[in-house]
Amino acid sequence: MATRVAVLRGGSSLEYHTSLEVGADVLRHLPSPKYRASDILLTKDGVFHENGFPKPLAKIVRYTDIVFNALSGGDGENGKIQKVLEAHHVPFTGAKSLPAALATRKHFSREVFQHTGLKVPFGMAVPHPLHAEASVAAMLLKTAPHWVIKPASLGSGIGVGIAKNRSEALEALSRAFFFDGKALIEEYIAGREFMAGVIEHFRKEKYYALPVVEKVRRCELCPARIDRKTAASIQDIARKAHEVLGLSQYSSSDIIVAKRGIFLLETDALPPLLPGTGFAKAAEAIGLEFPELLDHIVTLALARKF
């Protein structure tokens, strides 16, 4: 009998259209006849639809074996939808609610990284717009601009700005607060940017690091143009980040290689799975085609205990 997979996409976040695309690709590539997929759309106003028809989530999960979480950003990644699915005792892909919340809230994940010996750029959380002036003043005492300023809980570069002086920092913080209730201000690290993906329980490794992907402007190059030692260091950082956050099945980490060392920027607990993009490219580079990647993730999720 085919495993019933409810592919959840849409949602209320700013990454709604990305989620639609991710979900469509999952629906298209889940191996058949092993899996029987249904399309679950979560509208921006919070209504669930199954294959085009409104239906309460409680009824949807009653007749499914697993939920494939293809949501991007917002409640799809911050632990809220995970809590709902946990309450219904239905398996789902991606991290559980607490690790998902931790990874999404960058001001908290930064602290975890630092406490476990992972190198991150110097920075601080700005908890409220009223703290913007004081936070910028504090940063000036610790490190000179340039700074990276971003919403504390969003991905995909939403609301991110570079500031090279105090006034630009305040403007960038104002933009960041438009998208989120908290912001981050970090020192800008000049260097080359890479992405390293991790898959659990693959090729006899608990945390298997995929080939490193190099980010060059809007291109993602795999394999990255780096030496083996540097690639291995990046992969070690990605594995440790995945482990210390308590993530599940798969993740990706953004990393900067600079003259001062290798810095972890952030870890995505639910990297978008799209054929031809970074994570999928890295998997294909080791012979793991997209349908096989999806199959492996679903298999891991089904085996997880609640």
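What comes next is a walk through the structure. Values in this document were obtained by computation on a predicted structure and should not be read as measured data.

Quick look at a nonpolar patch on the surface now. On the surface, Leu14, Phe178 and Phe179 cluster together into a nonpolar patch covering about 360 Å² of accessible area. Along the chain, Phe178 falls in helix H7 (residues 166-179).

Here we take up the packing of aromatic side chains. A full pass over the atoms with the stated rule returns three aromatic pairs. Each ring, one from Tyr250 and one from Phe279, has its centre 5.7 Å from the other, and the planes form 70°; the classification is edge-to-face. Of this pair, Tyr250 sits in strand S14 (residues 250-258) while Phe279 sits in helix H9 (residues 278-285), and the two are 29 residues apart along the sequence. In this structure Tyr250 comes out as buried when scored by relative accessible area, which is 1%. One residue, Lys44, lies across the ring of Tyr16, its end atom 4.7 Å from the ring centre. Note that Arg304 overlies the ring of Phe92, its terminal NZ or CZ placed 4.8 Å from the centroid.

Pairing is mixed across the open sheet formed by five strands, whose spatial order is S4-S3-S2-S1-S5. Each end of this open sheet is capped by a strand with a single partner; those strands are strand S4 (53-54) and strand S5 (66-69). Bridge count for strand S1 (residues 3-10) against strand S2 (residues 35-42) is eight bridges, and the pairing is parallel. Bridge assignment links Val5 to a residue of S2, and that residue is Ala37. Its contacts with the sheet put helix H1 (residues 16-29) on S1, S2 and S5, and the angle it makes with S1 is roughly 160°.

Attention now moves to the environment of Phe194. Note that Phe194 resides in strand S10 (residues 192-202). Along the backbone, Phe194 and Val213 are 19 residues apart, and their C-alpha atoms lie at a distance of 5.6 Å. Aside from chain neighbours lying at most four places away, what touches Phe194 is Val212, Val213, Glu214, Lys215, Ala224, Ile226, Ile234, Ser253, Asp254, Ile255 and Val257.

Bridge count for S14 against strand S15 (residues 261-268) is seven bridges, and the pairing is antiparallel. Bridging from a neighbouring strand, Ala258 pairs with Gly261 of S15. Counting the residues that bridge the hairpin from S14 to S15 gives two residues.

In this section: empty space enclosed by the protein. Considering all chains together, one arrives at three cavities of 30 Å³ or more under this definition. Each pocket or cavity is described by its volume, and for the largest cavity that value is around 50 Å³. Along the lines of polarity and charge, the residues of the lining of the largest cavity split into nine nonpolar, two polar and no charged.

What follows covers the sheet that holds strand S7 (residues 147-151). Taking strand neighbours across the sheet as the criterion, the four strands line up as S6-S9-S7-S8 in an open arrangement whose pairing is antiparallel. Looking along the sheet, the strands with just one partner apiece sit at the ends: strand S6 (123-126) and strand S8 (161-163). Neighbouring strand axes in the sheet, compared pairwise and without regard to direction, differ in orientation by 25° on average. Of the strand pairs in this sheet, S6 and strand S9 (residues 183-187) are connected by four bridges, and their pairing is antiparallel. Residue pairing across strands places Met124 opposite Ile185, the latter belonging to S9. Strand contacts of H7: S6, S7, S8 and S9, with the helix running at about 20° to S7, the strand carrying the most contacts.

Moving on: the pairing of S14. In terms of burial, S14 is a largely internal element, eight of the nine residues being buried. The sheet contact formed by S10 and S14 spans eight bridges and is antiparallel. Its bridge partner lying in S14, Ala196 is registered against Ser253.

Calculation rules
- Residues numbered from 1 in each chain as written.
- Predicted model: local features only at pLDDT ≥ 70, side-chain atom pairs only at ≥ 80, totals over all residues.
- Heavy atoms only, no water.
- Patch = residues over 30% accessible without salt bridge, like charges linked within 9 Å, V, L, I, M, F, W, Y side chains within 5 Å.
- Areas by Shrake-Rupley, 256 points an atom, 1.4 Å probe, with all protein chains shown as cover.
- Salt bridge = Lys/Arg side-chain N within 4 Å of Asp/Glu carboxyl O.
- Helix = DSSP H or I, 4+ residues; strand = E, 2+ residues; numbered from the N terminus.
- Phe/Tyr/Trp six-rings, centres within 6.5 Å; stacked < 30°, edge-to-face > 60°.
- Buried < 20%, exposed > 50% of the residue type's maximum accessible area, 1.4 Å probe, protein only.
- Lys NZ or Arg CZ within 6 Å of the ring centre and 35° of its normal.
- Pairing = 2+ DSSP bridges.
- Contact = heavy atoms within 4.5 Å.
- Axes fitted to C-alpha atoms, helices over the stretch in contact; angles between N-to-C directions.
- 1 Å grid on protein atoms, 1.4 Å probe; cavity = no way out; pocket = protein on both sides within 12 Å on 5 of 7 lines; lining within 4 Å.
- Points joined across faces, edges and corners; volume = space filled by probe spheres on them.
- Nonpolar A, V, L, I, M, F, W, Y, C, P; charged D, E, K, R; others polar.

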